[in-house]
Amino acid sequence: MTNEELKIQLTALFPTATWEEGTEWPTFQITPAEWSTVANELRTNDALKFDYLFCETCVDWKTHLTMVYHLSSTNFRHNIVVKAKLDRTKPEIATVAGIWRTAEFFEREVYEMYGVNFLGHPDLRLLILPDGWEGKNPMRKDFEDPINMIKL
Amino acid sequence: MFEEVAKTAEGDLVINVGPQHPATHGVLHLLITLNGETIKKVEPHLGYIHRSIEKMCESLTYRQFIYVTSRMDYLSAHINNHACALCVEKGMQIEVPDRAKVIRVLMDELTRIASHELWWGAMAMDLGAFTPFFHAFRERETINDIMEETCGARLTMNYMVPGGVMQDLHPDFQRRVKEFLVLYKRKIHEYDEMVTGNIIFQNRMKGVGYISPEDVISYGVTGPAARGSGVSSDIRKLYPYEIYDKLQFDEVLETAGDSFARYLVRLREMDQSIRIVEQLIDNIPEGDFQAKTKAVLKLPKGEFYTRVETARGELGVYIVSEGGTTPYRIKFRSPGFSNLSALDHMVRGGKLGDLVASMGTLDLVIPDIDR
Amino acid sequence: MYERIITVLPVKKIKEKKQNITVWSFADISKTIDQWLNDWVGATWATVFEMVIAGVCVIGLFALLGLVLVIMERKVAAWIQIRLGPNRVGPKGMLQSLADTVKLLVKEGMTPDGADKFLFNLAPFIAMIVAMLLMAPIAFAKDFQMWDLNVGVLYISAVSSISVISILMAGWASNNKYSLLGAMRSGAQIVSYELSAGLSVLAIVVLTGSLSLTDIIQSQQNGWWIFKGHIPVIIAFITFIIAVTAETNRAPFDLAEAESELTAGFHTEYSGMKFALFFLAEYVNVFIVCAIGATLFLGGWMPFHIGSWEGFNHVMDYIPSSIWFFGKTFFLIFLIMWFRWTFPRLRIDQLLNLEWKYLLPISMINLLLVTVMAIMGWHF
């Protein structure tokens with residue numbers, strides 16, 4: 001499926017999605033509340049079959065956080081990017097660890113680095129940061145560490 | 001201690017493998033729950049070599065941040081640099097000269113051979129055979145010497161820059177590579193003689209650490225580890241970059257899905273890399289080794305993602321640009337991170353000895369996992 | 001106990017005439033010392049002095065063997081691994097292990113906090129004492145033996161089993177889960193492989209009809225058992241080598257200290273001289289099992305004789321018996337080192353499968369064959 005066809009099909013499936021223009025792969029934005037059903041549909045729909053989550057990350061836009069999911073299908077070799085805008089003070093989104101197992105680790109990393117709470121995650125603990133880490137989430141833009149961070 | 005062991009002897013024994021442990025090849029910490037010798041659970045604890053490279057890159061320019069990425073997967077430093085250079089070039093739409101493309105691919109493949117050779121020796125050492133380690137280093141040294149001559153470094157080469165490569169090839173490069181090819185072909189049969197055909201080795205590897213193709217995809221396992229389960233995942237074939245679409249090479253696939261299959265995939269992948277080097281070494285086009293670029297690179301506003309195939313699997317570089325001289329957000333999708341997430345699934349129910357066999361064939365490089 | 005330390009053996013009846021060839025031998029030295037001491041202080045004090053001398057000799061040999069075998073292992077490893085090995089201390093690096101020993105001697109011997117201090121400190125000494133005890137019945141050269149025990153083979157298999165206790169003790173007392181796992185593995189392994197080793201030794205006992213090591217050596221006067229005993233003895237020899245490699249915890253059976261799984265297994269917590277004692281005991285154990293293998297299957301100090309070829313046998317007798325003994329022993333040691341640097345390690349279930357499913361049935365059937373062979377007199 002080409003990107004255009006994919007876009008048409010996805011628009012039919014998810015009419016509420018807002019599309020971004022000028023990207024390499026079809027990119028659309030959804031609300032966090034929708035994500036659980038959208039993810040299930042993307043994974044199980046026979047024409048889409050996005051079975052491979054090759055990147056899951058978060059971007060801090062200072063006013064809000066954006067979850068970015070890069071999805072690929074090993075059957076059809078098409079890729080899409082799904083984004084979800086999160087509230088910066090209380091970021092919450094449904095987990096996809098049950099759909100794509102690789103998300104378990106990606107989400108643990110995002111949880112500690114950005115403080116995003118993944119609802120329903122089986123084992124949401126610190127992964128990279130040391131046990132007992134307190135304070136802010138280091139990858140956020142307003143994180144300050146006077147000892148280890150060098151300001152240019 | 002006595003109470004503790006006596007208490008847990010009735011049920012489980014929880015042991016820490018690492019952060020300092022010979023089998024983890026670095027500072028990986030695995031918390032293992034054992035019932036006798038049988039593994040019930042493996043829980044990785046990361047971060048012992050976490051340097052927050054992603055955060056660091058946010059304050060470095062597009063020329064500078066490439067050098068940091070050599071320190072991620074230090075065994076395929078060239079390929080890491082290559083991925084970053086490709087991502088910047090994609091954003092700035094720089095056309096790379098043909099000569100630079102060929103040099104980059106040559107270097108990538110030599111790196112892949114060197115990396116697989118180190119893996120081969122280290123994995124045999126995990127299984128208790130020390131000798132292959134030294135034999136593998138014999139060939140790897142030659143590649144490192146070639147790298148040193150051209151790039152000036154043996155491990156963290158920092159040779160790729162946006163727009164091409166840093167400097168032209170050393171005049172001896174072609175001769176040295178051809179010498180290496182001769183040496184490699186004379187010695188490669190030793191690898192099979194020493195390790196592959198050994199009955200103890202095969203017994204240790206076969207049926208160990210099985211992972212099904214569905215789980216491979218679900219866990220995001222890539223690279224030789226995925227191809228051992230028969231999942232086609234070679235980015236060089238699926239989403240060709242540089243000149244890989246014009247080259248003759250096969251994607252090595254095995255279907256058994258166990259440690260031995262992954263072992264065979266890596267071993268044969270070295271032969272495919274040799275094939276690529278042979279095709280290119282006499283056909284390096286003349287011309288510039290670097291495109292003309294501005295002194296200060298500024299990526300346009302937007303998001304750019306490149307995928308390349310490192311020796312360990314798929315490396316993704318995701319740059320979010322706000323139009324400035326530094327990336328707004330950068331994310332490295334490292335192959336080791338996802339491969340490690342499947343370790344628990346692979347070794348559960350196996351013996352303690354199976355853990356090292358499975359971990360060895362995943363070829364984990366810890367800085368690549370922690371970043 | 002009647003036997004004297006450093007006994008001058010009454011040479012057995014078999015072909016006495018050939019044995020008085022005047023070559024330099026340990027037997028002459030011990031005989032001279034014995035004579036001189038007897039003349040000087042009388043029989044009782046002579047025995048006491050001889051015991052002291054023998055003790056000093058054993059400790060000296062223990063230390064020397066440790067040094068020699070460590071440097072040999074490193075050189076063999078280097079040779080197999082296409083590198084040079086130690087080459088800085090002394091000529092061609094031959095004093096490297098001495099330097100290492102000095103280093104280990106001056107290191108602090110730490111005892112972990114939660115360890116059982118008594119057992120923890122006792123374990124290395126038990127390992128060493130067992131290794132020393134095993135030296136008693138070994139005939140190092142013709143007529144040169146500390147204790148010609150009439151049940152030498154039984155003594156060896158009985159005492160060598162004690163070494164597992166030191167490993168279990170070390171593993172348990174260390175307050176370390178790796179050590180405990182290593183000790184458990186080692187226990188399972190040594191207890192299993194003891195059977196095969198014992199059965200393959202029995203093959204020779206059946207053929208000789210004696211448990212005394214002297215008798216076994218004398219019975220090989222017209223050819224070593226490995227040549228005289230046809231295929232069953234060769235099978236017994238191979239089983240013996242595999243079993244003793246496992247019993248001494250050497251690769252490919254070094255599961256007790258599998259460094260890629262258990263870091264160092266039972267001696268993870270040991271440092272300094274306590275570690276060195278374990279290390280030395282391992283090498284001395286290797287020497288002893290190889291010496292026993294050489295005695296049982298390759299004739300011990302007995303020169304290479306072929307049946308009734310008088311001339312050939314006579315020429316062979318000119319080579320001193322101690323050289324024969326040490327030559328054979330070091331050949332077997334080299335074999336075991338070769339295994340170590342060639343094979344990957346087995347997994348614990350594979351290790352036990354190998355013993356219980358293959359080696360034990362094979363050696364039992366083999367023993368039966370040997371018995372039939374001995375009854376029918378089908379050997380040379």
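Our structure is the block above this text.
Note that residues are indexed from 1 along each chain, following the sequence as it is written. To label them, take the chains in the order written and letter them from A, then take the ligands in the order written and number them from 1. A pLDDT threshold of at least 70 governs which residues receive local features in this predicted model, and a stricter bar of 80 or more applies before side-chain atom pairs are shown or counted, although totals over entire chains, interfaces and linings include all residues. Calculation of side-chain values draws on the structure's entire complement of heavy atoms; hydrogens and water are dropped beforehand.

Q: Before we go on, may I ask you to explain the overall build of chain C in this structure?
A: On a plain count of helices and strands, chain C comes out with 15 helices and 2 strands. Dimensions of chain C, computed from C-alpha atoms along their principal axes, come out at roughly 65 × 55 × 45 Å. When burial is assessed residue by residue, chain C has 54% of its 380 residues classed as buried. Contacts between residues were defined by any pair of non-hydrogen atoms, one from each residue, lying within 4.5 Å. Residue pairs in contact within chain C that sit at least 24 positions apart in sequence constitute 77% of those at least 6 positions apart. With the model as given, the accessible surface of chain C reaches about 16,800 Å², and the carbon-plus-sulfur share is 73%. Charged side chains in chain C number 26 positive and 26 negative. The centres of these two groups are separated by 6 Å. Each helix is a run of H or I in the DSSP string that is no shorter than four residues. Each strand is a run of E no shorter than two, and both are numbered from the N terminus. Exposed residues in this analysis have more than 50% of their type's maximum accessible area, buried residues have under 20%, and partly exposed residues fall in between, with area computed by a 1.4 Å probe over protein chains only. To measure how exposed things are, a 1.4 Å probe is used in the Shrake-Rupley method; for residues, cover is taken only from the protein chains shown. When charges are counted, Lys and Arg are positive and Asp and Glu negative, with His and the chain ends excluded. For the purpose of locating charges, the reference atoms are NZ of Lys, CZ of Arg, CG of Asp and CD of Glu.

Q: Help me understand the overall build of chain B, please; the structure alone is not making it clear to me.
A: Along its length, chain B carries 16 helices and 8 strands. Taken over C-alpha atoms, the radius of gyration is set against a globule rule of 2.2 Å times the number of residues to the power 0.38. For a compact globule of 371 residues, the expected C-alpha radius of gyration is about 21 Å, and chain B comes in at 21 Å, within 12% of that figure. Each principal axis of the C-alpha distribution contributes one length, and for chain B these read about 70 × 50 × 35 Å. The buried share among the 371 residues of chain B stands at 66%. Across chain B, every contact between residues at least 6 apart in sequence was considered, and the portion connecting residues at least 24 apart equals 71%.

Q: Help me out: how do you make sense of the packing of aromatic side chains in this one?
A: We call Phe, Tyr and Trp rings a pair once their centres come within 6.5 Å, taking the six-membered ring for Trp, and we label the pair stacked below 30 degrees between planes, edge-to-face above 60, and tilted otherwise. According to the stated counting rule, one finds 43 aromatic pairs over all chains in the structure shown. Considering the side-chain rings of Trp119(B) and Tyr263(B), the 5.6 Å spacing of their centres and the 45° angle between planes classify their relative orientation as tilted. Of this pair, Trp119(B) sits in helix α5 (residues 98–126) while Tyr263(B) is found in helix α12 (residues 259–281), placing the two residues 144 residues apart along the sequence. Exposure remark for Trp119(B): the relative accessible area of 3% places this residue in the buried category. On the numbers, 6.1 Å between centres and 80° between planes, the contact of Trp224(C) with Trp324(C) is edge-to-face. Residue Trp224(C) is located in the loop between α8 (213–218) and α9 (225–228), and its partner Trp324(C) is located in helix α14 (residues 321–340); the two are separated by 100 residues in the primary sequence. On the accessibility criterion, Trp324(C) (15% relative accessible area) is buried. Members of the aromatic cluster, joined through ring pairs, are Trp25(A), Tyr52(A), Phe54(A), Tyr305(B) and Tyr318(B). Ring-over charges, as used throughout, are those where CZ of Arg or NZ of Lys falls within 6 Å of the ring centre and within 35 degrees of the ring normal. Cation over ring: Arg266(B) sits above Trp119(B), and NZ or CZ is 5.2 Å from the ring centre.

Q: Any chance you could explain the interface of chain A and chain B here in plain terms?
A: When the parts of a complex come together, some accessible area is lost, and that lost area is often taken as the interface size. On the side of chain B, 37 residues touch chain A, which itself brings 39 residues to the contact. Taken together, both faces of the contact between chain A and chain B bury some 3,400 Å²; the carbon and sulfur share is 55%. In the sections that follow, a salt bridge refers to a side-chain nitrogen of Lys or Arg positioned within 4 Å of a carboxyl oxygen of Asp or Glu. Viewed at the interface, chain B and chain A are joined by 6 salt bridges. Lys90(B) is the partner of Glu24(A) in a salt bridge, and the nearest nitrogen-oxygen pair spans 2.9 Å. In the analysis that follows, any N or O atom pair within 3.5 Å is treated as a polar contact, provided that within protein one partner can donate a hydrogen and the other can accept it, and provided that, for residues neighboring in sequence, both atoms belong to side chains. Between the two partners, chain A and chain B, sit 23 residue pairs in polar contact (both at pLDDT 80 or more). Only β3 (52–60), β4 (64–72), β5 (79–87) and α3 (103–114) of chain A provide two or more residues apiece to the side of chain A that touches chain B. Per-element tally for the side of chain A that touches chain B: the top contributor is β3(A), with 8 residues. Each residue is assigned to one of three groups, with Ala, Val, Leu, Ile, Met, Phe, Trp, Tyr, Cys and Pro labelled nonpolar, Asp, Glu, Lys and Arg labelled charged, and all others, Gly among them, labelled polar. Split into classes, the residues belonging to the side of chain A that touches chain B amount to 21 nonpolar, 6 polar and 12 charged. Two parts placed together each lose some accessible area under a 1.4 Å probe, and adding up what both lose gives the buried area.

Q: So what exactly am I meant to see when it comes to the sheet that holds strand β1 (residues 13–17) of chain B here?
A: Picture the strands of a sheet paired through backbone hydrogen bonds; they go either parallel or antiparallel. Here, strands pair whenever DSSP counts at least two bridges between them. Pairing within the open sheet is antiparallel, and its 3 strands lie in the order β1-β2-β3 (chain B). The open sheet has two free edges, formed respectively by β1 and β3 (38–45) of chain B, since each of these has just one partner strand. Across the sheet, the axes of successive neighbouring strands diverge by a mean angle of 20°, strand direction being ignored. Where strand β2 (residues 29–35) of chain B and β3(B) come together, 7 bridges link them in antiparallel fashion. Considered in β3(B), the bridge of Ile32(B) is made with Val42(B). To get an axis, a line is fitted to the C-alpha atoms, and for a helix only the part in contact is used. The angle between two axes follows their N-to-C directions and goes from 0 to 180 degrees. Sitting on the sheet, helix α15 (residues 352–362) of chain B touches β2 and β3 of chain B, and the angle it makes with β2(B) is about 145°. Sheet strands in contact with helix α7 (residues 177–208) of chain C are β1 and β2 of chain B, and its direction is about 110° off that of β1(B).

Q: Before we go on, may I ask you to explain the layout of surface pockets in this structure?
A: Sizing a probe to match a water molecule and rolling it over the atoms shows the empty space that remains. As defined here, a cavity is a set of points on a 1 Å grid over the protein atoms alone where a 1.4 Å probe fits but cannot get out. A pocket is an open set with protein on both sides within 12 Å along at least five of seven lines, and residues line them when an atom is within 4 Å of a point. Grid points are joined across faces, edges and corners, and a volume is the space filled by probe spheres set on the points. Here the largest pocket defines a volume of roughly 970 Å³. Around the largest pocket sit 34 residues that line it, and Phe143(A), Met149(A), Arg51(B), Ser52(B) and Lys55(B) are the ones nearest its centre. Residue assignment for the lining of the largest pocket shows that the elements contributing at least two residues are α3 of chain A together with β3 and α2 (53–57) of chain B. Residues that form the lining of the largest pocket fall into these classes: 18 nonpolar, 6 polar and 10 charged.

Q: It is not clear to me how empty space enclosed by the protein should be interpreted in this structure. Could you clarify?
A: All names here are of chain C. This structure, assessed with the given rule, holds 9 cavities of 30 Å³ or more. Reported here for the largest cavity is a volume of approximately 180 Å³. Counting only elements with at least two residues in the lining of the largest cavity, the list comes to α6 (163–173) and α12 (272–297). The element that contributes the greatest number of residues to the lining of the largest cavity is α12, accounting for 5 residues. Of the residues in the lining of the largest cavity, the class split is 6 nonpolar, 6 polar and 3 charged.

Q: Help me understand the nonpolar core in this model?
A: One broad trend across soluble globular proteins is that nonpolar side chains are buried collectively. Residues and elements named next belong to chain C. Core analysis: the largest hydrophobic core is formed by 89 residues, its most contacted members being Leu-296 and Phe-297. With 16 residues, α12 is the single largest residue contributor to this core. If sequence neighbours within four positions are ignored, Phe-297 has contacts with Ser-200, Ile-204, Gln-220, Trp-224, Trp-225, Ile-226, Val-233, Ala-236, Phe-237 and Phe-240. The nonpolar core is taken to be a set of buried Ala, Val, Leu, Ile, Met, Phe, Trp, Tyr and Cys residues, with the residues joined through side-chain atoms within 4.5 Å.

Q: Sorry, what's going on with the interface of chain C and chain B here?
A: The interface of chain C with chain B comprises 30 residues on the first partner and 37 residues on the second. For the pair chain C and chain B, the two sides together bury roughly 3,100 Å², of which 64% comes from carbon and sulfur. Taken together, the connections running from chain C to chain B amount to 2 salt bridges. One salt bridge in this structure joins Arg185(C) and Glu37(B), with 2.4 Å as the shortest N-O distance. For the pair chain C and chain B, the number of links is 9 residue pairs in polar contact (both at pLDDT 80 or more). If you list the elements that add at least two residues to the side of chain C that touches chain B, you get α7, α11 (259–262) and α15 (348–376) of chain C. For the side of chain C that touches chain B, the element with the most residues is α7(C), which contributes 5 residues. Along the lines of polarity and charge, the residues of the side of chain C that touches chain B split into 13 nonpolar, 8 polar and 9 charged.

Q: Even after reading the chapter, I still don't get the pattern of salt bridges, so can you show me in this structure?
A: Evaluated as defined, the whole model comprises 50 salt bridges over all chains. Residues Asp172(B) and Arg175(B) are paired through a salt bridge, measuring 3.3 Å at the closest nitrogen-oxygen approach. For Asp172(B), a relative accessible area of 27% gives the class partly exposed. Judged by its relative accessible area of 43%, Arg175(B) falls in the partly exposed class. Within this structure, Arg108(A), Asp123(A), Arg125(A), Lys41(B) and Glu43(B) form a network of salt bridges that share partners.

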